[in-house]
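What follows is each chain in one-letter form.
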Amino acid sequence: MNSPRKLTLTAAGLLLLALALLLWPSARKPVPDTGSAEVAPSVNRHTRPASLPGSRSKRDFSSFVKLATKGEFPKLTREQIASYLSARSRSATALLTAYRLSGDQAFLEEAMKKFPQDPQVQLGSLRIISEPAKRLEILESLKSTDPENGMIDTLSARALLDLGKNNEALAALSQAVSKPLRDYTVLSSQNDEEAYLDAGFPPLEAKMIALSQSTKSHVIQLRGVADGLKKQRESAAAAGDDVAVQSSRDLQLQLAGQLPQGGFLVDLLVGMVLENKVLKEMDTPEAHTRLEEIMLQKNSMIEDSKRITALMETSAVPENDWLLYFDRAKLFGEKAANDWMLEKHPDL
(Lines give C-alpha, C1' and ligand atoms only; values in the text may rest on other atoms or scores of the structure.)
Protein backbone atom coordinates (compact mmCIF):
# COMPACT_ATOMS: atom_id res chain seq x y z
CA MET A 1 0.00 0.00 0.00
CA ASN A 2 1.05 3.59 -0.45
CA SER A 3 2.28 5.72 2.43
CA PRO A 4 0.24 8.72 3.64
CA ARG A 5 1.50 11.99 2.23
CA LYS A 6 2.59 14.83 4.47
CA LEU A 7 -0.09 17.47 4.47
CA THR A 8 1.31 20.94 3.78
CA LEU A 9 -0.72 23.97 4.80
CA THR A 10 0.66 27.03 3.11
CA ALA A 11 -1.45 29.95 2.00
CA ALA A 12 0.30 29.79 -1.36
CA GLY A 13 -1.85 27.18 -3.06
CA LEU A 14 -2.70 25.32 0.15
CA LEU A 15 -6.29 24.52 -0.85
CA LEU A 16 -5.38 23.03 -4.21
CA LEU A 17 -2.74 20.89 -2.54
CA ALA A 18 -5.18 19.79 0.12
CA LEU A 19 -7.71 18.80 -2.54
CA ALA A 20 -5.08 16.69 -4.26
CA LEU A 21 -4.10 15.01 -1.01
CA LEU A 22 -7.69 14.02 -0.33
CA LEU A 23 -7.59 11.85 -3.43
CA TRP A 24 -4.57 9.86 -2.30
CA PRO A 25 -4.78 6.51 -0.47
CA SER A 26 -5.37 6.77 3.27
CA ALA A 27 -3.29 3.76 4.31
CA ARG A 28 -1.01 4.22 7.31
CA LYS A 29 2.64 3.26 7.28
CA PRO A 30 5.57 4.40 9.38
CA VAL A 31 7.34 7.59 8.32
CA PRO A 32 10.74 6.56 6.93
CA ASP A 33 13.85 7.38 8.94
CA THR A 34 15.91 9.95 7.05
CA GLY A 35 19.01 10.07 9.19
CA SER A 36 20.61 9.87 12.59
CA ALA A 37 19.51 11.89 15.60
CA GLU A 38 23.07 12.26 16.83
CA VAL A 39 23.67 15.95 16.22
CA ALA A 40 26.17 18.21 17.92
CA PRO A 41 24.47 20.25 20.67
CA SER A 42 27.26 22.78 21.20
CA VAL A 43 26.52 25.26 18.39
CA ASN A 44 25.64 28.76 19.56
CA ARG A 45 21.92 29.11 18.80
CA HIS A 46 22.33 32.81 17.99
CA THR A 47 24.95 32.14 15.32
CA ARG A 48 23.50 32.49 11.85
CA PRO A 49 25.54 31.42 8.81
CA ALA A 50 25.89 34.17 6.22
CA SER A 51 24.63 31.77 3.54
CA LEU A 52 21.43 30.87 5.37
CA PRO A 53 18.59 30.79 2.81
CA GLY A 54 16.38 32.96 5.01
CA SER A 55 18.64 36.01 4.78
CA ARG A 56 16.55 39.18 4.43
CA SER A 57 19.42 40.84 2.56
CA LYS A 58 18.97 38.43 -0.32
CA ARG A 59 15.24 38.84 -1.03
CA ASP A 60 11.95 40.43 0.00
CA PHE A 61 8.87 38.50 1.07
CA SER A 62 7.33 38.26 -2.41
CA SER A 63 10.52 36.62 -3.68
CA PHE A 64 10.44 34.23 -0.75
CA VAL A 65 6.84 33.30 -1.58
CA LYS A 66 7.76 32.50 -5.18
CA LEU A 67 10.32 30.03 -3.88
CA ALA A 68 7.82 28.64 -1.39
CA THR A 69 5.22 27.93 -4.08
CA LYS A 70 7.81 25.66 -5.70
CA GLY A 71 8.29 23.82 -2.40
CA GLU A 72 11.70 25.41 -1.89
CA PHE A 73 11.36 26.24 1.81
CA PRO A 74 14.70 26.69 3.57
CA LYS A 75 15.46 23.92 6.05
CA LEU A 76 17.25 24.20 9.36
CA THR A 77 20.68 22.62 9.47
CA ARG A 78 21.41 19.75 11.83
CA GLU A 79 23.51 22.14 13.92
CA GLN A 80 20.62 24.59 14.25
CA ILE A 81 18.27 21.80 15.28
CA ALA A 82 20.84 20.56 17.80
CA SER A 83 21.13 24.08 19.22
CA TYR A 84 17.36 24.36 19.53
CA LEU A 85 17.21 21.01 21.35
CA SER A 86 20.03 21.94 23.70
CA ALA A 87 18.46 25.29 24.59
CA ARG A 88 15.23 23.48 25.54
CA SER A 89 16.86 20.57 27.38
CA ARG A 90 15.57 18.06 24.81
CA SER A 91 12.03 18.43 26.15
CA ALA A 92 9.11 16.48 24.72
CA THR A 93 7.91 19.39 22.59
CA ALA A 94 11.46 20.17 21.41
CA LEU A 95 12.04 16.57 20.31
CA LEU A 96 8.73 16.55 18.44
CA THR A 97 9.70 19.82 16.76
CA ALA A 98 13.07 18.36 15.76
CA TYR A 99 11.26 15.34 14.29
CA ARG A 100 8.89 17.49 12.26
CA LEU A 101 11.62 19.79 10.96
CA SER A 102 14.15 17.08 10.13
CA GLY A 103 12.00 14.05 9.30
CA ASP A 104 14.41 12.07 11.51
CA GLN A 105 12.41 9.32 13.20
CA ALA A 106 15.03 8.93 15.93
CA PHE A 107 13.87 12.20 17.53
CA LEU A 108 10.31 10.86 17.80
CA GLU A 109 11.58 7.56 19.21
CA GLU A 110 13.60 9.46 21.83
CA ALA A 111 10.49 11.41 22.83
CA MET A 112 8.46 8.18 23.06
CA LYS A 113 11.12 6.63 25.32
CA LYS A 114 11.60 9.64 27.62
CA PHE A 115 8.02 10.96 27.75
CA PRO A 116 5.68 7.98 27.21
CA GLN A 117 2.73 9.65 28.97
CA ASP A 118 2.92 13.01 27.19
CA PRO A 119 -0.29 13.35 25.11
CA GLN A 120 1.46 15.09 22.21
CA VAL A 121 4.10 12.37 22.13
CA GLN A 122 1.47 9.65 22.28
CA LEU A 123 -0.49 11.18 19.43
CA GLY A 124 2.72 11.77 17.47
CA SER A 125 3.71 8.12 17.89
CA LEU A 126 0.77 7.16 15.68
CA ARG A 127 2.77 8.59 12.78
CA ILE A 128 5.02 5.51 12.84
CA ILE A 129 2.68 2.85 14.23
CA SER A 130 0.37 1.20 11.71
CA GLU A 131 -1.06 -1.87 13.48
CA PRO A 132 -4.68 -1.14 14.53
CA ALA A 133 -4.39 -3.08 17.80
CA LYS A 134 -1.25 -1.19 18.86
CA ARG A 135 -2.76 2.14 17.83
CA LEU A 136 -5.86 1.32 19.88
CA GLU A 137 -3.69 0.59 22.91
CA ILE A 138 -2.02 3.99 22.63
CA LEU A 139 -5.34 5.74 22.11
CA GLU A 140 -6.83 4.07 25.19
CA SER A 141 -3.93 5.49 27.21
CA LEU A 142 -4.49 8.91 25.63
CA LYS A 143 -8.09 8.92 26.79
CA SER A 144 -6.87 9.16 30.37
CA THR A 145 -4.47 12.04 29.67
CA ASP A 146 -6.69 14.02 27.28
CA PRO A 147 -10.24 12.75 27.94
CA GLU A 148 -12.09 15.67 26.32
CA ASN A 149 -10.37 15.33 22.96
CA GLY A 150 -12.75 13.94 20.36
CA MET A 151 -9.88 13.27 17.95
CA ILE A 152 -8.79 10.41 20.20
CA ASP A 153 -12.25 8.81 20.08
CA THR A 154 -12.40 9.30 16.31
CA LEU A 155 -9.02 7.67 15.72
CA SER A 156 -10.09 4.88 18.06
CA ALA A 157 -13.17 4.39 15.89
CA ARG A 158 -10.97 4.00 12.84
CA ALA A 159 -8.79 1.40 14.57
CA LEU A 160 -11.90 -0.47 15.73
CA LEU A 161 -13.35 -0.42 12.21
CA ASP A 162 -10.05 -1.80 10.89
CA LEU A 163 -10.36 -4.61 13.45
CA GLY A 164 -13.95 -5.31 12.39
CA LYS A 165 -15.41 -4.16 15.71
CA ASN A 166 -18.21 -2.10 14.18
CA ASN A 167 -20.43 -1.68 17.24
CA GLU A 168 -17.52 -0.51 19.39
CA ALA A 169 -16.48 1.88 16.61
CA LEU A 170 -19.94 3.43 16.52
CA ALA A 171 -19.86 3.84 20.30
CA ALA A 172 -16.48 5.60 20.04
CA LEU A 173 -17.83 7.95 17.37
CA SER A 174 -20.84 8.73 19.56
CA GLN A 175 -18.35 9.97 22.16
CA ALA A 176 -16.29 11.90 19.60
CA VAL A 177 -19.08 14.03 18.15
CA SER A 178 -19.75 15.66 21.52
CA LYS A 179 -16.15 16.88 21.97
CA PRO A 180 -13.74 19.22 20.17
CA LEU A 181 -11.32 17.55 17.74
CA ARG A 182 -7.81 18.61 18.79
CA ASP A 183 -4.68 17.53 16.90
CA TYR A 184 -2.25 20.09 18.44
CA THR A 185 -1.64 21.78 15.07
CA VAL A 186 -1.47 25.32 16.49
CA LEU A 187 0.94 24.37 19.26
CA SER A 188 3.15 22.45 16.82
CA SER A 189 3.21 25.38 14.42
CA GLN A 190 4.18 27.76 17.23
CA ASN A 191 7.08 25.54 18.27
CA ASP A 192 8.30 25.27 14.67
CA GLU A 193 8.12 29.04 14.32
CA GLU A 194 10.24 29.50 17.44
CA ALA A 195 12.85 27.09 16.10
CA TYR A 196 13.21 29.17 12.93
CA LEU A 197 13.33 32.41 14.92
CA ASP A 198 16.09 30.94 17.09
CA ALA A 199 18.03 30.19 13.91
CA GLY A 200 17.82 33.86 12.91
CA PHE A 201 15.06 33.83 10.32
CA PRO A 202 12.93 36.98 9.95
CA PRO A 203 9.58 36.71 11.82
CA LEU A 204 7.47 36.76 8.66
CA GLU A 205 9.41 33.95 7.00
CA ALA A 206 9.44 31.95 10.24
CA LYS A 207 5.65 32.22 10.52
CA MET A 208 5.06 31.15 6.93
CA ILE A 209 7.49 28.24 7.05
CA ALA A 210 6.05 26.98 10.33
CA LEU A 211 2.48 27.05 9.09
CA SER A 212 3.44 25.52 5.77
CA GLN A 213 5.09 22.58 7.52
CA SER A 214 2.20 21.92 9.86
CA THR A 215 0.45 18.62 9.26
CA LYS A 216 -3.13 17.49 9.50
CA SER A 217 -2.36 13.81 9.04
CA HIS A 218 -4.82 12.71 11.73
CA VAL A 219 -7.63 14.66 10.08
CA ILE A 220 -6.77 13.18 6.69
CA GLN A 221 -7.07 9.71 8.23
CA LEU A 222 -10.74 10.38 8.95
CA ARG A 223 -11.43 9.46 5.34
CA GLY A 224 -10.70 5.94 6.55
CA VAL A 225 -13.46 6.30 9.13
CA ALA A 226 -15.89 7.17 6.34
CA ASP A 227 -14.76 4.13 4.33
CA GLY A 228 -15.21 1.87 7.35
CA LEU A 229 -18.64 3.28 8.10
CA LYS A 230 -19.72 2.71 4.51
CA LYS A 231 -18.78 -0.99 4.78
CA GLN A 232 -20.64 -1.19 8.08
CA ARG A 233 -23.75 0.30 6.46
CA GLU A 234 -23.54 -2.13 3.56
CA SER A 235 -23.52 -5.03 6.01
CA ALA A 236 -26.40 -3.55 7.99
CA ALA A 237 -28.41 -2.93 4.81
CA ALA A 238 -27.84 -6.52 3.66
CA ALA A 239 -29.20 -7.66 7.01
CA GLY A 240 -32.23 -5.39 6.66
CA ASP A 241 -31.21 -3.26 9.64
CA ASP A 242 -32.36 0.17 8.45
CA VAL A 243 -32.01 1.64 11.94
CA ALA A 244 -28.29 0.77 12.04
CA VAL A 245 -27.83 2.27 8.57
CA GLN A 246 -29.45 5.55 9.57
CA SER A 247 -27.57 5.70 12.86
CA SER A 248 -24.27 5.28 11.02
CA ARG A 249 -25.17 8.02 8.54
CA ASP A 250 -26.17 10.37 11.33
CA LEU A 251 -22.85 9.86 13.09
CA GLN A 252 -20.88 10.50 9.92
CA LEU A 253 -22.83 13.69 9.26
CA GLN A 254 -22.24 14.84 12.84
CA LEU A 255 -18.51 14.17 12.46
CA ALA A 256 -18.52 16.12 9.19
CA GLY A 257 -20.15 19.00 11.02
CA GLN A 258 -17.52 18.89 13.78
CA LEU A 259 -14.50 19.14 11.50
CA PRO A 260 -14.90 22.76 10.31
CA GLN A 261 -14.47 23.87 13.93
CA GLY A 262 -10.76 23.15 13.49
CA GLY A 263 -10.59 26.25 11.29
CA PHE A 264 -8.06 24.96 8.77
CA LEU A 265 -9.06 24.51 5.16
CA VAL A 266 -8.17 20.83 5.32
CA ASP A 267 -10.62 20.43 8.21
CA LEU A 268 -13.30 21.98 6.02
CA LEU A 269 -12.40 19.83 3.03
CA VAL A 270 -12.37 16.54 4.91
CA GLY A 271 -15.71 17.51 6.45
CA MET A 272 -17.04 18.06 2.93
CA VAL A 273 -15.76 14.66 1.81
CA LEU A 274 -17.45 12.90 4.74
CA GLU A 275 -20.72 14.73 4.13
CA ASN A 276 -20.60 14.12 0.37
CA LYS A 277 -20.28 10.37 0.85
CA VAL A 278 -23.46 10.21 2.91
CA LEU A 279 -25.42 12.57 0.67
CA LYS A 280 -24.59 10.51 -2.41
CA GLU A 281 -25.84 7.39 -0.65
CA MET A 282 -29.12 9.09 0.23
CA ASP A 283 -29.78 10.19 -3.37
CA THR A 284 -32.70 12.49 -2.53
CA PRO A 285 -33.59 15.94 -3.93
CA GLU A 286 -32.57 17.49 -0.62
CA ALA A 287 -29.24 15.66 -0.73
CA HIS A 288 -28.56 16.85 -4.28
CA THR A 289 -29.32 20.43 -3.29
CA ARG A 290 -26.85 20.18 -0.42
CA LEU A 291 -24.21 18.66 -2.72
CA GLU A 292 -24.53 21.67 -5.01
CA GLU A 293 -24.12 24.02 -2.03
CA ILE A 294 -20.95 22.20 -0.98
CA MET A 295 -19.52 22.45 -4.50
CA LEU A 296 -20.16 26.21 -4.58
CA GLN A 297 -18.51 26.60 -1.17
CA LYS A 298 -15.47 24.61 -2.30
CA ASN A 299 -15.14 26.64 -5.51
CA SER A 300 -15.32 29.87 -3.52
CA MET A 301 -12.55 28.64 -1.21
CA ILE A 302 -10.39 27.77 -4.22
CA GLU A 303 -10.83 31.22 -5.73
CA ASP A 304 -10.05 32.96 -2.45
CA SER A 305 -6.88 30.90 -2.03
CA LYS A 306 -5.77 31.80 -5.55
CA ARG A 307 -6.31 35.49 -4.76
CA ILE A 308 -4.25 35.18 -1.56
CA THR A 309 -1.44 33.50 -3.49
CA ALA A 310 -1.49 36.28 -6.07
CA LEU A 311 -1.30 38.91 -3.30
CA MET A 312 1.65 37.15 -1.71
CA GLU A 313 3.59 37.15 -4.95
CA THR A 314 3.42 40.95 -5.19
CA SER A 315 4.74 43.67 -2.90
CA ALA A 316 1.37 45.45 -2.78
CA VAL A 317 0.47 44.27 0.74
CA PRO A 318 2.57 45.63 3.65
CA GLU A 319 4.59 42.98 5.42
CA ASN A 320 2.95 43.91 8.73
CA ASP A 321 -0.37 42.78 7.25
CA TRP A 322 1.15 39.41 6.38
CA LEU A 323 2.44 39.07 9.94
CA LEU A 324 -1.13 39.61 11.14
CA TYR A 325 -2.43 37.25 8.45
CA PHE A 326 -0.29 34.32 9.61
CA ASP A 327 -1.16 34.98 13.25
CA ARG A 328 -4.84 34.95 12.31
CA ALA A 329 -4.39 31.76 10.27
CA LYS A 330 -2.78 30.06 13.23
CA LEU A 331 -5.40 31.25 15.74
CA PHE A 332 -8.59 31.18 13.68
CA GLY A 333 -7.78 29.08 10.60
CA GLU A 334 -6.86 29.94 7.02
CA LYS A 335 -10.38 30.65 5.84
CA ALA A 336 -10.86 33.34 8.49
CA ALA A 337 -7.42 34.76 7.66
CA ASN A 338 -8.20 34.74 3.95
CA ASP A 339 -11.51 36.53 4.53
CA TRP A 340 -9.75 39.16 6.65
CA MET A 341 -7.00 39.81 4.10
CA LEU A 342 -9.36 39.99 1.11
CA GLU A 343 -11.68 42.33 2.99
CA LYS A 344 -8.75 44.58 3.87
CA HIS A 345 -7.37 44.61 0.33
CA PRO A 346 -10.41 44.11 -1.93
CA ASP A 347 -9.02 45.98 -4.93
CA LEU A 348 -5.60 44.35 -5.22
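Residues numbered from 1 in each chain as written. Predicted model: local features only at pLDDT ≥ 70, side-chain atom pairs only at ≥ 80, totals over all residues. Heavy atoms only, no water.

### Some thoughts on the overall build of the protein
Inference 1: Each helix and strand in the protein was counted, giving 18 helices and 0 strands.
Inference 2: Across the 348 residues in the protein, those meeting the buried criterion constitute 51%.
Inference 3: Sequence-distant contacts in the protein: of pairs separated by 6 or more residues, those separated by 24 or more amount to 70%.
Inference 4: Entry remark: accessible area of the protein is about 15500 Å², with carbon and sulfur atoms responsible for 53%. (Helix = DSSP H or I, 4+ residues; strand = E, 2+ residues; numbered from the N terminus. Buried < 20%, exposed > 50% of the residue type's maximum accessible area, 1.4 Å probe, protein only. Contact = heavy atoms within 4.5 Å. Areas by Shrake-Rupley, 256 points an atom, 1.4 Å probe, with all protein chains shown as cover.)

### Re the confidence of the model for the protein
Inference 1: Of the residues in the protein, 83% reach a pLDDT of 70 or more, and the chain-wide mean stands at 83.
Inference 2: Counting contacts from residues 1–58, a segment whose pLDDT is below 50, to residues more than four positions away or on other chains yields 144 contacts. (pLDDT = per-residue confidence, 0-100.)

### Examining the side chain of asparagine 191
Inference 1: In this fold, asparagine 191 is placed in helix α10 (residues 185–198).
Inference 2: The exposure class assigned to asparagine 191 is buried, which follows from its relative accessible area of 9%.
Inference 3: With residues up to four places along the chain from it excluded, the contact list for asparagine 191 reads Tyr84, Thr93, Thr97 and Arg100.

### Section: the environment of glutamine 117
Inference 1: Looking at the element boundaries, glutamine 117 is found in the loop between α5 (105–114) and α6 (119–125).
Inference 2: The sequence separation of glutamine 117 and serine 144 amounts to 27 residues, and the corresponding C-alpha distance is 9.7 Å.
Inference 3: The residues contacting glutamine 117, other than those within four sequence positions of it, are Gln122, Ser141 and Thr145.

### Quick word on the packing of aromatic side chains
Inference 1: In this structure the tally under the stated criterion is 6 aromatic pairs.
Inference 2: Centre to centre, the rings of phenylalanine 61 and phenylalanine 326 are 6.5 Å apart; their planes meet at 85°, and the pair counts as edge-to-face. With phenylalanine 61 in helix α2 (residues 61–68) and phenylalanine 326 in helix α17 (residues 319–332), this pair connects stretches of sequence that are 265 residues apart. For the pair phenylalanine 61 and phenylalanine 326, a shared accessibility class is recorded, and that class is buried.
Inference 3: Both rings, one in tyrosine 196 and one in phenylalanine 201, keep their centres 5.0 Å apart while their planes meet at 85°; by these two values the pair is edge-to-face. (Phe/Tyr/Trp six-rings, centres within 6.5 Å; stacked < 30°, edge-to-face > 60°.)

### Here we look at the pattern of salt bridges
Inference 1: One pass over the structure, following the stated rule, counts 22 salt bridges.
Inference 2: In this structure, the salt-bridge partner of arginine 249 is glutamate 281, at a minimum N-O distance of 3.2 Å. Of this pair, arginine 249 sits in helix α14 (residues 242–258) while glutamate 281 sits in helix α15 (residues 265–282), and the two are 32 residues apart along the sequence.
Inference 3: We classify arginine 249 as buried; its relative accessible area is 18%. (Salt bridge = Lys/Arg side-chain N within 4 Å of Asp/Glu carboxyl O.)

### Overview of the packing of helix α16 (residues 285–312) against α17
Inference 1: Axis separation between α16 and α17 bottoms out at 12 Å; the angle between their running directions is 145°. Where α16 crosses over α17, the handedness of that crossing is left-handed. Counting all contacts with α16, which are made through Ile308, Leu311 and Met312, the residues of α17 involved are Trp322, Tyr325 and Phe326.
Inference 2: The residue makeup of the contact of α16 with α17, split by class, is 6 nonpolar, no polar and no charged. (Axes fitted to C-alpha atoms, helices over the stretch in contact; angles between N-to-C directions. Left-handed = near helix turned anticlockwise from the far one by under 90°. Nonpolar A, V, L, I, M, F, W, Y, C, P; charged D, E, K, R; others polar.)

### Thoughts on unusual backbone geometry
Inference 1: Backbone geometry at serine 89 places phi at a positive 55°, although glycine is not the residue there.
Inference 2: Relative to the assigned elements, serine 89 resides in the loop between α3 (78–87) and α4 (92–102).
Inference 3: Given the relative accessible area of 63%, serine 89 is considered exposed.
Inference 4: In this model, tyrosine 184 sits at a positive phi of 65°, which is unusual for a non-glycine residue.
Inference 5: Residue position: tyrosine 184 is located in the loop between α9 (166–176) and α10.
Inference 6: In this structure tyrosine 184 comes out as buried when scored by relative accessible area, which is 18%.

### Digging into the nonpolar core
Inference 1: Grouped together as the largest cluster of nonpolar side chains are 77 residues, with contacts concentrated most on Met208, Trp322 and Tyr325.
Inference 2: Excluding residues that lie within four positions of it along the chain, tryptophan 322 makes contacts with Phe61, Leu204, Ile308, Leu311, Met312, Val317 and Met341. (Core = buried A, V, L, I, M, F, W, Y, C linked by side-chain atoms within 4.5 Å.)

### Concerning α9
Inference 1: Among the residues of α9, Ala169, Leu170, Ala172, Leu173 and Ala176 are the ones counted as buried. All buried residues of α9 fall inside an arc of 160° around its axis, so they share one side. (Arc of directions from axis to C-beta.)

### So, the packing of α9 against helix α13 (residues 222–238)
Inference 1: Where α9 contacts α13, the axes come no closer than 11 Å and their chain directions differ by 130°. When the axis of α9 is compared with that of α13, the two are oblique. Note that α9 runs across α13; the crossing there is left-handed. Mapping the contact onto sequence places Asn166, Leu170 and Leu173 in α9 and Val225, Leu229 and Gln232 in α13.
Inference 2: Taken together, the residues that form the contact of α9 with α13 break down as 4 nonpolar, 2 polar and no charged. (Parallel < 35°, antiparallel > 145°, perpendicular 65-115°, else oblique.)

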